[in-house]
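Chain and residue survey
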Amino acid sequence: MDIEVIKWKSLGKYLTYKNKEIFYFQDGIGEDILIVHGYPFNSFEWKSTINELSKMYRVTIFDLLGMGFSDKPKNHKYSFEEYCEITNLLMRELKITEAHLFSHDLGVSIVQELIAQERNNSFKIKSSAFMNGSLFIDVYKPRLIQKLLSKSPLFVGKFLSRVMTKKMVLNSVKSVFGPFTKPTDVF
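One structure accompanies this document, and this report is about it.

Criteria and thresholds
- Residues numbered from 1 in each chain as written.
- Predicted model: local features only at pLDDT ≥ 70, side-chain atom pairs only at ≥ 80, totals over all residues.
- Heavy atoms only, no water.
- Pairing = 2+ DSSP bridges.
- Helix = DSSP H or I, 4+ residues; strand = E, 2+ residues; numbered from the N terminus.
- Salt bridge = Lys/Arg side-chain N within 4 Å of Asp/Glu carboxyl O.
- Buried < 20%, exposed > 50% of the residue type's maximum accessible area, 1.4 Å probe, protein only.
- Patch = residues over 30% accessible without salt bridge, like charges linked within 9 Å, V, L, I, M, F, W, Y side chains within 5 Å.
- Areas by Shrake-Rupley, 256 points an atom, 1.4 Å probe, with all protein chains shown as cover.
- Axes fitted to C-alpha atoms, helices over the stretch in contact; angles between N-to-C directions.
- Contact = heavy atoms within 4.5 Å.

To continue, consider the pairing of strand S2 (residues 20-27). For strand S1 (residues 13-17) and S2, the ladder comprises five bridges, and the chain directions are antiparallel. Among the inter-strand pairings, Tyr17 is bridged to a residue of S2, identified as Lys20. Taking the residues between adjacent antiparallel strands as the criterion, S1 and S2 are bridged by two residues, where Lys18 takes a positive phi near 45°. The pairing of S2 with strand S4 (residues 58-62) spans four bridges and is antiparallel. Paired with Tyr24 across the two strands is Phe62, which belongs to S4.

Spelled out as structure tokens, the structure:
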């Protein structure tokens, strides 16, 4: 594991949700911002953004169940509703009563669900910003690999997960960036 990733992990903490460990990181002071990352990413990808935002805000980010340093239970039925439960638990535990939400990709759908159930949340959503998500489902055009991983029978997804290499994922991710904004090889 890369030294920066090891350092990131050492600075984070864990929240227990139904006997599963959820990694989270918090930095800064001021108004609260919660970042909800996308698939197949994790909190570490947001390190530089958090470094800047934490100069003016208290920034919280967690690794979604199944990603990053959070537990990855096998044969688990992941859902937006469960991700919302985890988000609400984290906000309660951290005593965050209101926050701005910033979401990416899969995180957009999670935040949309949080907005839809707003009166049941443990915190007030002050504002939300969406990045690269399926905000308008009728114009959403998932890539072939996204369709295969999310809509195929379970055995197809398991097979693809076993044969996909880190390099394949990295190349796929890099292909959606412009020539001068590609991410580094550090995951």
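Read on for the rest.
Turning our attention to the pattern of salt bridges. Side chains that carry opposite charge are capable of pairing whenever their charged atoms lie near each other. A full pass over the atoms with the stated rule returns six salt bridges. One salt bridge in this structure joins Lys126 and Glu31, with 2.4 Å as the shortest N-O distance. With Lys126 in strand S6 (residues 124-131) and Glu31 in the loop between S2 and strand S3 (32-36), this pair connects stretches of sequence that are 95 residues apart. Residue Lys126 is classed as partly exposed on the basis of its relative accessible area of 36%. Take Glu31: its relative accessible area is 39%, and that puts it in the partly exposed class. Between Asp32 and Arg58 there is a salt bridge, with its nearest N and O atoms 2.6 Å apart.

The subject of this paragraph is a nonpolar patch on the surface. Nonpolar side chains collect at one region of the surface, where Met1, Ile3 and Ile6 lie side by side and expose about 370 Å² of accessible area between them. With respect to the element layout, Ile6 can be found in helix H1 (residues 3-11).

In space, the six strands of this open sheet follow the order S1-S2-S4-S3-S5-S6, with mixed pairing throughout. With partners counted over all chains shown, the strands left at the sheet margins are S1 and S6, one partner each. Ignoring which end each strand starts from, the neighbouring axes of this sheet average 25° apart. Note: S3 against strand S5 (residues 98-104), four bridges, orientation parallel. Bridging from a neighbouring strand, Val36 pairs with Ser103 of S5. This element, H1, spans S1, S2 and S4 of the sheet and lies at about 95° to S2. Here helix H3 (residues 80-93) sits on the sheet in contact with S1, S2, S3, S4 and S5, set at roughly 125° to S1.

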